[in-house]
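One letter stands for each residue in the lines below.
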Amino acid sequence: ADTTPFGTQAEVTLKTNFFATRDVCHELLPLIKPNGRVVNVSSMMSSMSLVKCSPELQGKFRSDTITEEELVKLMEKFVEDAKKGIHKDQGWSDSAYGTSKIGLTVLSRIQARQLKETRKGEGIILNACCPGWVKTDMAGPNAPKSPDEGAETPTYLALLPPGSASPYGEMVSEKKIVT
């Protein structure tokens with residue numbers, strides 16, 4: 001019901017959910033100790049928004065070789081297109097939140113891939129997850145999960161035992177990998 005122009009919503013939402021998380025990860029990932037765990041909180045809205053994107057965009061986001069630089073350019077392009085009011089014509093979803101979470105989920109895959117290369121053998125695991133629809137100010141009182149129930153999957157990922165090989169660089173919901 002927000003009456004803020006969509007371009008402004010897109011800019012603020014991506015600054016918060018994608019770019020700020022990316023900035024924090026750039027600062028903190030080098031500090032993660034061996035066998036550390038990183039859990040980025042995404043949303044199933046990423047999947048729902050991805051299927052509403054053009055096949056071309058879906059292919060870019062699903063690529064196993066997408067770089068962080070390429071992803072950042074895509075996220076910046078979404079904001080630009082949203083501000084111009086042409087995002088739908090350019091193949092984007094009509095959800096700023098969903099698009100921000102696409103970016104976060106893909107960023108998590110990229111970061112996990114980078115950790116595997118640069119910190120090989122250190123046992124660091126990075127995943128994204130969806131806590132589910134949780135009763136919060138944003139989700140509202142009709143959401144079926146309590147905050148404690150929403151914390152189950154992120155906590156599961158944060159406490160993966162040393163030597164775990166999976167999930168790694170995945171999107172996880174209800175403690176299960178989501179493609």
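Refer to the structure presented above.
Everything in this summary refers to the structure shown in the same document.

Parameters and conventions
- Residues numbered from 1 in each chain as written.
- Predicted model: local features only at pLDDT ≥ 70, side-chain atom pairs only at ≥ 80, totals over all residues.
- Heavy atoms only, no water.
- Helix = DSSP H or I, 4+ residues; strand = E, 2+ residues; numbered from the N terminus.
- Buried < 20%, exposed > 50% of the residue type's maximum accessible area, 1.4 Å probe, protein only.
- Phe/Tyr/Trp six-rings, centres within 6.5 Å; stacked < 30°, edge-to-face > 60°.
- Contact = heavy atoms within 4.5 Å.

The omega torsion of the bond from serine 166 to proline 167 falls at 0°, within 30 degrees of zero and hence cis. Of note, the phi angle at asparagine 35 is positive, near 65°, even though the residue is not glycine. One can find asparagine 35 in the loop between helix H1 (6-28) and strand S1 (37-41). Note on asparagine 35: relative accessible area 40%, which makes it partly exposed. With a phi angle near 55°, glutamate 174 is a residue other than glycine that sits in the positive phi range.

With that settled, the discussion passes to the packing of aromatic side chains. A ring pair, where both rings are aromatic, is described by two values, the distance of the centres and the angle of the planes. Applying the stated criterion across every chain, the model contains four aromatic pairs. Plain terms: the ring middles of phenylalanine 18 and phenylalanine 19 are 4.8 Å apart, the flat faces sit at 80° to each other, and that makes the pair edge-to-face. Each of the two residues, phenylalanine 18 as well as phenylalanine 19, counts as buried. An aromatic cluster is built from Phe6, Phe61, Phe78 and Trp92, whose rings are joined through pairwise contacts.

Moving on, we get to the environment of proline 162. Assignment of secondary structure puts proline 162 in the loop between helix H7 (152-158) and strand S3 (171-173). Contacts of proline 162, omitting those with residues within four sequence positions, involve Asn35 and Arg37.

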